[in-house]
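Remarks on the overall topology
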2 protein chains.
Amino acid sequence: MRVKFLNFIEKHNLVHFGDRVLLAVSGGIDSMVMLNLFHGSGVRFSVAHCNFTLRGHESDGDQEFVSQICQTMGVELFVKRFDTNAYARGNRISIQVAARELRFAWFKELCVQNGFTSVAIAHNRNDVAETMLINLCRGTGLKGLTGMSPKSNTIIRPLLFASRIEIEAYAKENGIAHREDSTNASVEYARNRIRHNVIPQLEMVNPGVVNNLYSTSLFMGQAWEEIGAKLISLRDRIRKTHDEEILYSIPLLAKEPLRQLFLLEELTALGFSPGRIVDIEQSLFAQPGKSFLSKGYRLVRDREYLVVSPLIPQDEVCLQIDMDTQSIDFPINLTFSIEDAEDNTDFPRSPGIGVFDLHALKFPLTLRNWKQGDWFIPLGMSGKKKISDLLTDLKIPLHRKEKIYVMESDNQIIWVVGYRIDNRFRVKPSTTRRFTATMD
Amino acid sequence: MRVKFLNFIEKHNLVHFGDRVLLAVSGGIDSMVMLNLFHGSGVRFSVAHCNFTLRGHESDGDQEFVSQICQTMGVELFVKRFDTNAYARGNRISIQVAARELRFAWFKELCVQNGFTSVAIAHNRNDVAETMLINLCRGTGLKGLTGMSPKSNTIIRPLLFASRIEIEAYAKENGIAHREDSTNASVEYARNRIRHNVIPQLEMVNPGVVNNLYSTSLFMGQAWEEIGAKLISLRDRIRKTHDEEILYSIPLLAKEPLRQLFLLEELTALGFSPGRIVDIEQSLFAQPGKSFLSKGYRLVRDREYLVVSPLIPQDEVCLQIDMDTQSIDFPINLTFSIEDAEDNTDFPRSPGIGVFDLHALKFPLTLRNWKQGDWFIPLGMSGKKKISDLLTDLKIPLHRKEKIYVMESDNQIIWVVGYRIDNRFRVKPSTTRRFTATMD
């Protein structure tokens, strides 16, 4: 392990003679193994520990633990406490993003003030594999598959040679103390599902899947270098900004062979999903007027330009869906269609597809978070049912309940999205036009 | 569904006026839904059914079923029986590959003789998503993520607009009869694991994962168009062949920025894994002499060239591992290293890593399939144990047992690869040099 570590540092030129490295050490197994490997490696280093004060006594315990180890080792330690919750609220960002911003701002400061040449982060190969799979789930292009570099600017990742199994084996072998983060199991829902349920299954298909995903990420990085540079030069030709709007020239896009990849990288950054970008690309060759919504932006296929304008941010989700809205990417991916109903026995029925009698609806519809007190009349029933009871019946876990949305017409719930439509708005034998909303 | 189907055909120009399409219909749900959608669509078509005679009465039942439906519908049907087993044995290929070759050769014949303009295959979006995930498990580059096109030459895939859920819903809704393939559960081990265990987990991370993987495959296709063309032109400059050998010029590769991607596409086609290709690329800048093995090829980093030569094919795996073999990709991925043993309490211990006392070994080692009667002395024990008993103790399912390999030194088993090393060859306090084999 130690030999592999030193080889990896040398192979990727992570540390040069005379460098001073700042190790980001949380107290978890990865960073404690990194600390152990740096200790006695001949590299000059100090340690930085962030106390994000998110887990009360536990956070303070981590800080105390890292302090003691550094003292025993005789290693210089920097510690800082952050009010992460307040920062996240103040900047209307998630706790994760807040923690990342605070941490990197402080590391930068430490580097400038103390002459550190790089900051070492204890990412391993499983982190790369998990991130690739999460990105694939959420929809991604080339960039999202490029993984993490062993070195990007002043950040180095000297543990990228190792898988989690190797790190755990080394920690056990060498009695390396570390602290478990009790929020690991809950904070990062997607990552934990990938880690505990998906990767072990994939390993039964191929035991080398983690290493293979890592290798693929390296190759994707090279493909991206080749293509990314072209996309940046396209940007100058095709894109212009006007006040808060971004405009993409339709005639120039239409004749550009790389337009799909270009739109992919431009628009996923604005929250549009890859599926939506396929639709947006096709709208280039259709009539003007189609519009698409993402979390923060509205894109309209105008005459000469695709026009992207920011939506006003809101705390609670409350989106309006007009009769001509094609699709939205936020808070969930939905596409909408209207069609003549010839045969009302023949249309898709699935919890992910809401099919309604168009004439029973009043536009604009509203999509919002469900709230206590909400009720509807489930399909096939005649009485009211509280949504809280429905969710209990369906055994929806708490952390998913927050992400349940309802669609309303004129203040009446027509669909508990992804679960059940309302009986009053269902398709009847008399229905002549159907409105369909499809999750994808 | 019908509207989506017709839109998809139109959008991708799958069928032109006057075309005659040959539908490949197995009798499974996908192809029966395809048949239903084509029926009454206005497109002229006939049906082809392959009886691979692999499942006895069941295969004949499928043929009978498809015949009856076609008769009822008044659709022209072509049927052919194949002796797939004999063809596979005769050509030393797998049953799957044999079935594919036989089927496409026959389709081609039917097109020429009967004037069909294209062959329609009932692949859906889940097939694309599953293939991408399988390729990622096995290690892949850009090409392996490009998915399937709605149209490639004379093959069209008119069901690529739909996910399996939509197809199942439509079949149920419209009472479309179909036959289940009883081998589905066992034949394609990897695909079934991905289908039943992995995708449902990923859908809990993001319900749109199947559509997102499909969209990503479209974008990867475009990226591949851009890069693939360049790699083909590189080939002319960098590669030459000599008898059965392929030679890649090292000086030319060394200064080519796309060399990693180039080697990836060249060498994965010869059975080398992406991880191995990273190593091969690095060997360009190291001393000559390193060698790498894949299923069918040996690659040697010579002075001026990377030299790839075919191995003589053998029925049973029996590979020799020399002291200077760096790694093999077949029948499993293994890397080898030798190191001085300073502290014999400190080395990785995991079933996937075999660590041995170098001086107890006699090279070349042999890697081969286990066979009845094999025995070894498991680590920590003093008596012999039959490998068949070990596999029973470990509850290894039958279909995996065939893929268990043993490593031998001088006709003595030193490792049941991936499970347990032999006690006689273990690292002891007196060990001065260690030989390590790592699965990846």
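Residues numbered from 1 in each chain as written. Chains lettered and ligands numbered in written order. Predicted model: local features only at pLDDT ≥ 70, side-chain atom pairs only at ≥ 80, totals over all residues. Heavy atoms only, no water.

1. Some details on the relation of the copies chain A and chain B
Overlay of chain A on chain B (RMSD 0.2 Å): rotation 180 degrees, translation along the axis 0.0 Å. Expressed as an axis order, the relation between the two copies is that of a two-fold axis. Minimal C-alpha distance to the rotation axis in chain A is attained by A:V198, lying at 2.8 Å. (Least-squares fit on C-alpha atoms with pLDDT ≥ 70 in both.)

2. A word on the packing of helix α6 (residues 125–138) of chain B against helix α9 (residues 189–205) of chain B
Residues and elements named next belong to chain B. Relative orientation of the contacting elements α6 and α9 amounts to 105 degrees, with a least axis distance of 10 Å. Comparing the axis directions of α6 and α9 gives the class roughly perpendicular. On α9, the residues that touch D127, A129, E130, T131, L133, I134, C137 and R138 of α6 are A190, R191, I194, R195, V198, I199 and L202. Partitioned by chemical class, the residues of the contact of α6 with α9 number 9 nonpolar, 1 polar and 5 charged. (Axes fitted to C-alpha atoms, helices over the stretch in contact; angles between N-to-C directions. Helix = DSSP H or I, 4+ residues; strand = E, 2+ residues; numbered from the N terminus. Parallel < 35°, antiparallel > 145°, perpendicular 65-115°, else oblique. Contact = heavy atoms within 4.5 Å. Nonpolar A, V, L, I, M, F, W, Y, C, P; charged D, E, K, R; others polar.)

3. Thoughts on the interface of chain A and chain B
Across the contact, 61 residues belong to chain A and 61 residues belong to chain B. Carbon and sulfur atoms supply 62% of the area buried between chain A and chain B, which totals about 5,500 Å² over both sides. Remark: the boundary between chain A and chain B carries 2 salt bridges. In this structure, the connection of chain A to chain B is made through 21 residue pairs in polar contact (both at pLDDT 80 or more). Elements represented by at least two residues in the side of chain A that touches chain B include exactly α1 (2–11), α6 (125–138), α7 (164–173), α8 (189–205), α9 (209–238), α11 (259–268) and α12 (274–283) of chain A. Ranked by the residues each element gives to the side of chain A that touches chain B, the list is headed by α9(A), at 14 residues. Residues belonging to the side of chain A that touches chain B are distributed by class as follows: 32 nonpolar, 17 polar and 12 charged. (Buried area = accessible area lost by both parts, 1.4 Å probe. Salt bridge = Lys/Arg side-chain N within 4 Å of Asp/Glu carboxyl O. Polar contact = N/O pair within 3.5 Å; in protein donor to acceptor, adjacent residues only side chain to side chain.)

4. What to know about the packing of helix α10 (residues 209–238) of chain B against helix α12 (residues 259–268) of chain B
All names here are of chain B. Orientation of α10 relative to α12, taken along the N-to-C sense of each, is 85 degrees, at an axis distance of 10 Å. Considering the angle they form, α10 stands roughly perpendicular to α12. For the pair α10 and α12, the contacting residues are W224, I227, L231, L234, R235 and I238 in the first and L261, F262, E265 and E266 in the second.

5. Observations concerning the pattern of salt bridges
Throughout the structure, instances matching the rule amount to 50 salt bridges over all chains. Residues A:E266 and A:R235 are paired through a salt bridge, measuring 2.6 Å at the closest nitrogen-oxygen approach. With A:E266 in helix α11 and A:R235 in helix α9, the pair connects residues that are 31 residues apart, well separated along the chain. Judged by relative accessible area, A:E266 falls into the buried class, the value being 10%. Across the salt bridge formed by B:K428 and B:D357, the nearest N and O atoms sit 3.9 Å from each other. Linking B:K428 in the loop between β21 (420–421) and β22 (433–439) with B:D357 in strand β15 (residues 353–357), this pair joins segments that are 71 residues apart in sequence. What emerges from the salt-bridge pattern is a single network uniting A:D127, A:E130, A:R164, A:R191 and A:R195. (Buried < 20%, exposed > 50% of the residue type's maximum accessible area, 1.4 Å probe, protein only.)

6. Quick notes on the sheet that holds strand β7 (residues 239–242) of chain A
Residues and elements named next belong to chain A. The strand order β7-β8-β11-β10-β9-β13-β14-β22-β15 describes an open sheet built from 9 strands, whose pairing is mixed. Unpaired on one side and paired on the other, β7 and β15 (353–357) mark the two borders of the sheet. Ignoring strand direction, the axes of neighbouring strands in this sheet form an average angle of 20 degrees. Of the pairings in the sheet, the one linking strand β10 (residues 297–301) to strand β11 (residues 305–310) comprises 5 bridges and is antiparallel in character. (Pairing = 2+ DSSP bridges.)

7. Here we look at the sheet that holds strand β3 (residues 77–81) of chain A
Hydrogen bonds between backbone groups are what pair the strands of a sheet, and the pairing can be parallel or antiparallel. All names here are of chain A. Spatial ordering of the open sheet is given by β3-β2-β1-β4-β6-β5, a layout of 6 strands whose pairing is mixed. One side of each edge strand has no neighbouring strand; the edge strands of this open sheet are β3 and β5 (151–152). As defined by bridge partners, β5 adjoins strand β6 (residues 155–156) across 2 bridges and the pair is classed as antiparallel. Bridging from a neighbouring strand, K151 pairs with I156 of β6. Along the sheet, helix α3 (residues 57–73) makes contact with β2 (44–51) and β3, crossing β2 at roughly 165 degrees. Together, β1 (20–24), β2, β3, β4 (118–120) and β6 form the strand contacts of helix α5 (residues 95–114), whose direction differs from that of β2 by roughly 145 degrees.

8. Concerning the environment of B:D127
Residue and element names in this part refer to chain B. Tracing the backbone through its elements, the reader meets D127 in helix α6. Taking the C-alpha atoms as reference, D127 lies 9.0 Å from R195; in sequence the two are 68 residues apart. If we skip the residues at most four places from it in the chain, D127 touches D30, A122, M148, R164, R191 and R195. Among the polar contacts listed, one links the side chain of D127 to the side chain of R164, at a separation of 3.3 Å.

9. Points about the nonpolar core
Formed by 164 residues in total, the largest nonpolar core has its most connected members in A:L23, A:F38, A:L267, B:L23, B:F38 and B:L267. When near neighbours in sequence (up to four residues on either side) are disregarded, B:L267 contacts B:Y248, B:F272, B:I277, B:I280, B:L299 and B:V308. (Core = buried A, V, L, I, M, F, W, Y, C linked by side-chain atoms within 4.5 Å.)

10. Some thoughts on the state of the cysteines
All chains considered together, the criterion is met by 0 disulfides over all chains. Of all cysteine sulfurs, the one in B:C137 lies closest to A:C137, which takes part in no disulfide; the gap is 13 Å. With no disulfide partner, B:C111 has as its closest neighbouring cysteine sulfur the one in B:C50, 12 Å distant. (Disulfide = S-S within 2.5 Å.)

11. Quick look at the environment of B:I232
If you trace the backbone, B:I232 turns up in helix α10. Linking B:I232 and B:T432, residues 200 residues apart in sequence, is a C-alpha distance of 49 Å.

12. Quick word on the packing of aromatic side chains
Applying the stated criterion across every chain, the model contains 26 aromatic pairs over all chains. Consider the rings of A:F5 and A:F161, whose centres lie 6.4 Å apart with planes at 55 degrees: the pair is tilted. You can see A:F5 sitting in helix α1 and its partner A:F161 sitting in the loop between β6 and α7, a full 156 residues away along the chain. For the pair shown, A:F5 and A:F161 are each scored as buried. Note on B:F52 and B:F82: the rings are 5.6 Å apart at their centroids and 25 degrees apart in plane angle, and the pair reads as stacked. Here B:F82 lies in the loop between β3 (77–81) and α4 (84–91) and B:F52 lies in the loop between β2 (44–51) and α3 (57–73), a separation of 30 residues in the sequence. The burial state of B:F52 is the same as that of B:F82; both residues are buried. Members of the aromatic cluster, connected to one another through ring pairs, are A:F5, A:F8, A:F38, A:F45 and A:F161. A cation over an aromatic ring shows up here: A:K384 above the ring of A:W375, its NZ or CZ 4.2 Å from the ring centre. (Phe/Tyr/Trp six-rings, centres within 6.5 Å; stacked < 30°, edge-to-face > 60°. Lys NZ or Arg CZ within 6 Å of the ring centre and 35° of its normal.)

13. As for the side chain of A:D357
You can call A:D357 buried: its relative accessible area is 9%. Here A:T431 takes part through its side chain, which lies 2.9 Å from a polar atom of the side chain of A:D357.

14. Quick word on the domain arrangement of chain A
Residue and element names in this part refer to chain A. Here chain A is described as being made up of domain 1 (2–219), domain 2 (243–310) and domain 3 (318–439). Here domain 2 and domain 3 have C-alpha centroids that lie 27 Å from each other. The partner domain 3 presents 12 residues to the 10 residues of domain 2 that form the contact. Between domain 2 and domain 3 lies a buried interface of about 960 Å² when both sides are counted; carbon and sulfur atoms form 48% of it. At the surface where domain 2 touches domain 3, the tally comes to 6 residue pairs in polar contact (both at pLDDT 80 or more). In terms of residue count, strand β9 (residues 291–293) provides more of the side of domain 2 that touches domain 3 than any other element does, 3 residues in total. (Domains from an automatic or database assignment.)

15. Some points on the pairing of strand β16 (residues 365–369) of chain B
Residues and elements named next belong to chain B. Judged by how many residues are buried, β16 sits mostly within the fold: 5 of 5 residues are covered. The pairing of strand β12 (residues 318–321) with β16 spans 4 bridges and is antiparallel. When the bridges of β16 are listed, L319 appears paired with L367. Bridge count for β16 against strand β19 (residues 405–409) is 4 bridges, and the pairing is antiparallel. Counted as the bridge partner of T366 is E408 from β19.

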